[in-house]
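Close look at the chain arrangement
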Amino acid sequence: MSTATSAIESVLVENRVFPPPATFAAQARIASMEQYQALCDEAERDYEGYWARLARENVVWSKPFTQVLDESNAPFFQWFADGELNASANCLDKHMGTPVEHKTAIIFEADGGEVTKVTYRELLERVSQFANGLKAHGVQKGDRVLIYMPMTIEGVVAMQACARIGATHSVVFGGFSAKAVQERIVDVGAVAVITSNYQMRGGKELPLKSIVDDALALGGCEAIKNVFVYERTPTACNLVAGRDKTFGELLQGQSKECAPVAVGAEHPLFILYTSGSTGKPKGVQHATGGYMLWAKQTVDWTFDMKDSDVFWCTADIGWITGHTYVAYGPLAAGATQIVFEGVPTFPNAGRFWQMIERHGCTIFYTAPTAIRSLIKAADSDAAVHPKNWDLSSLRLLGSVGEPINPEAWMWYHKHIGAERCPIVDTFWQTENGGHMITPLPGATPLVPGSCTLPLPGITAAIVDETGNDMANGAGGMLVVKKPWPSMIRNIWGDPERFKKSYFPEELGGKTYLAGDGAVRSVDRGYFRITGRIDDVLNVSGHRMGTMEIESALVSKTDLVAEAAVVGRPDDLTGEAICAFVVLKRPVPHGEEAKQLANELRNWVAKEIGPIAKPKDIRFGENLPKTRSGKIMRRLLRSIAKGEAITQDTSTLENPAILEQLAKTN
Ligand code: 6R9
């Protein structure tokens, strides 16, 4: 926590304010700041009563709860613990017999442009059939299932089918390596893997199944009894007799009806791995009841979802945003949504805009890194500028994953939103389950670069190292003072780490520590996130632990003696990964340095995944260390940025090393 102060920046002077357009407010669920305030007041007056009301309104309970918040084993909080429900029934069954039954649930656009649509009824049948297939292969309530799938309807079906039978899914993003898949299989104790032969990205057929094969061959995965393989493309893949079954075999003869299994509200719906500041990725465990409540409620509030909307969240199901705002929330809200398999730049950087036009998208939710890369593309090639497409169907825009810089915000507002669509800059984390701090599009006046105010009931605050509230204008650590229903329940298999990471003793042991720095504006008290205060980087909206990358580098034992990884600001990706490496051989230069840097990049891609490849690798004969042997990361951060070192270096054991590292090899 001592690094908190380093992230504190001066208050952004941002005078532009964009009140909600009158036409938007006129039809919005929450249509004024008075209505917002009334909800905040309700939560403050009767915290449990407020959440109980929302839980009754947003969730279909097969057994109603009588308890609301249980703090007896804090910070292992429980919500609605004696209630029972099924997440899949809350997304599908509840719409049967209503006008939503025959409404389009998913408009799927494949990488190559083919479009497939499914209605809620069809989706229910596919999920049920899949669930029956899983049961027939011995997958049971409480089992963990690892999902390693491309963005497809089948990916959503696989998640929903697990939820339907009470199995806990753990989705791994398709960009992770065999080693990363294996570590997650072992940590989560999975009994089955659901994967695809290939995935299509940018016109290329990329293997997934063979990565699963490699993962299983790494050992420790003996609990895996079945690997179910979606045949996304006609290209054959290796199938191990007895263990591997195609989806055709899985679904063969299975009924399209399957009664949803009621689970307790605290039953783990999923475990999703995310990077932390130390050690291995953490398995973030979410509970069924509280998560479903917030997934549904935030879709209605933040996105003001209407029956006529065509919603598009571009996040992959391998990330939390793809869980809450693709696989669960929009379905629970009965929305029509677009699911996209491909990448924003294929066949060209106009793809997103073309798809918005083609499908009449009304609400578009993406990451700042995508916006920045499409701005760059539009600036250099008029043919992919959004003005070439009719974007008039849009009524609301959203941003997620990292701070959005005011320039990108303004471009998004002008060129995509035609100065007509509010932008919801939604701050939240894997651990939060759903939106935490975000504008409400019909109520909140917007300020570019600010996620504005916490949702009603979310007790976000900014404090110093001992938990004292900071005045507006003074930066500090972002915390949430009271538990909320969709919060992380545990780190799978590591309760001690859970307590230490999120509920530190210094803050009293019950306050949730987000790991981000933040500051509230003097005039409005609006929150602005200043970035992580721990050793977590945010590269293109993907969370990466510096320690994780360091461990990957030093595991190349024939070459690497020591490594330190820091982030530096990057115009496109937000942050870029910089590695400082000490080799077990003399410091290389020129071609040799380039070639070794590439070798190390590929090594990291193999150990973690291509998303973790360092952008810069610098070699030195040592790292800057204190006399007690601690690596001085703040100096490395300055070097990575290309800044002159102005900090005090008198405690350094080896000050000469700074000069060497500052030179590129
Ligand atoms: C949903 C998601 C969480 C970290 C979080 C913060 C950053 C996310 C943000 C934002 C500023 C926003 N972050 N949304 N920073 N403004 N609107 O991204 O979850 O992958 O766990 O990342 O992302 O640093 O701590 P996750």
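Everything below is about the structure printed above this text.
Residues numbered from 1 in each chain as written. Predicted model: local features only at pLDDT ≥ 70, side-chain atom pairs only at ≥ 80, totals over all residues. Heavy atoms only, no water.

1. Thoughts on the packing of aromatic side chains
Within the structure shown, the criterion is met by 38 aromatic pairs. Relative to Phe-65, the ring of Trp-61 has its centre 5.0 Å away and its plane inclined at 70 degrees; by these criteria the two rings are edge-to-face. Grouping residues by exposure puts Trp-61 and Phe-65 together as buried. Aromatic side chains Trp-353 and Phe-364 sit 6.1 Å apart centroid to centroid with 70 degrees between the ring planes, which places their arrangement in the edge-to-face category. One end of the pair, Trp-353, is in helix 12 (residues 351-359); the other, Phe-364, is in strand 18 (residues 363-366), and eleven residues separate them in sequence. For the pair Trp-353 and Phe-364, a shared accessibility class is recorded, and that class is buried. Feature note: the residues Tyr-47, Tyr-50, Trp-51, Trp-61, Phe-65, Trp-79, Phe-80, Trp-294 and Trp-301 constitute an aromatic cluster, connected by ring pairs. (Phe/Tyr/Trp six-rings, centres within 6.5 Å; stacked < 30°, edge-to-face > 60°. Buried < 20%, exposed > 50% of the residue type's maximum accessible area, 1.4 Å probe, protein only. Helix = DSSP H or I, 4+ residues; strand = E, 2+ residues; numbered from the N terminus.)

2. Observations regarding the site of the ligand
In the vicinity of the ligand there are 17 residues, among which Asp-425, Thr-426, Thr-430, Asp-516 and Arg-532 approach most closely. Arg-543 has a polar side-chain atom sitting 2.8 Å from an oxygen atom of the ligand. Coverage of the ligand by the protein amounts to 96% of the 530 Å² it exposes when considered alone. Those elements giving two or more residues to the shell around the ligand turn out to be helix 11 (320-332), strand 20 (423-426) and strand 25 (527-532). Each residue belonging to the shell around the ligand can be placed in one class, and the counts come to six nonpolar, six polar and five charged. (Near = heavy atom within 4 Å. Polar contact = N/O pair within 3.5 Å; in protein donor to acceptor, adjacent residues only side chain to side chain. Areas by Shrake-Rupley, 256 points an atom, 1.4 Å probe, with all protein chains shown as cover. Nonpolar A, V, L, I, M, F, W, Y, C, P; charged D, E, K, R; others polar.)

3. Notes on the pattern of salt bridges
Counted according to the given criterion, the structure contains 39 salt bridges. The salt bridge involving Glu-562 is made with Lys-625; its shortest N-O contact spans 2.9 Å. A residue pair is termed long-range when its members are at least 10 positions apart, and Glu-562 in strand 28 (residues 560-570) and Lys-625 in the loop between strand 30 (616-620) and helix 18 (633-641) qualify at 63 residues. Here Lys-606 and Glu-607 are joined by a salt bridge, their closest N and O atoms 4.0 Å apart. Exposure remark for Glu-607: the relative accessible area of 11% places this residue in the buried category. (Salt bridge = Lys/Arg side-chain N within 4 Å of Asp/Glu carboxyl O.)

4. Points about the sheet that holds strand 4 (residues 104-109)
The strand order 5-4-17-16-18-19-20 describes an open sheet built from seven strands, whose pairing is mixed. At either margin of the open sheet sits one strand with a lone partner, and together these are strand 5 (115-119) and strand 20. Looking at each pair of strands side by side, their axes are set apart by 20 degrees on average, direction ignored. In terms of strand pairing, strand 18 meets strand 19 (residues 396-400) through four bridges, oriented parallel. Bridging from a neighbouring strand, Ile-363 pairs with Leu-396 of strand 19. (Pairing = 2+ DSSP bridges. Axes fitted to C-alpha atoms, helices over the stretch in contact; angles between N-to-C directions.)

5. Observations concerning helix 15 (residues 495-502)
Counting along an α-helix, one turn takes 3.6 residues, and residues three or four places apart therefore face a common direction. Among all positions of helix 15, only Arg-497, Phe-498 and Tyr-502 are buried. Buried residues of helix 15 fall within an arc of 105 degrees about the axis and therefore sit on the same side. Exposed residues on helix 15 whose side chains face more than 90 degrees from its buried face are Glu-496 and Lys-500. Buried residues belonging to helix 15 abut strand 15 (282-287), strand 23 (490-491) and strand 24 (512-520). (Arc of directions from axis to C-beta. Contact = heavy atoms within 4.5 Å.)

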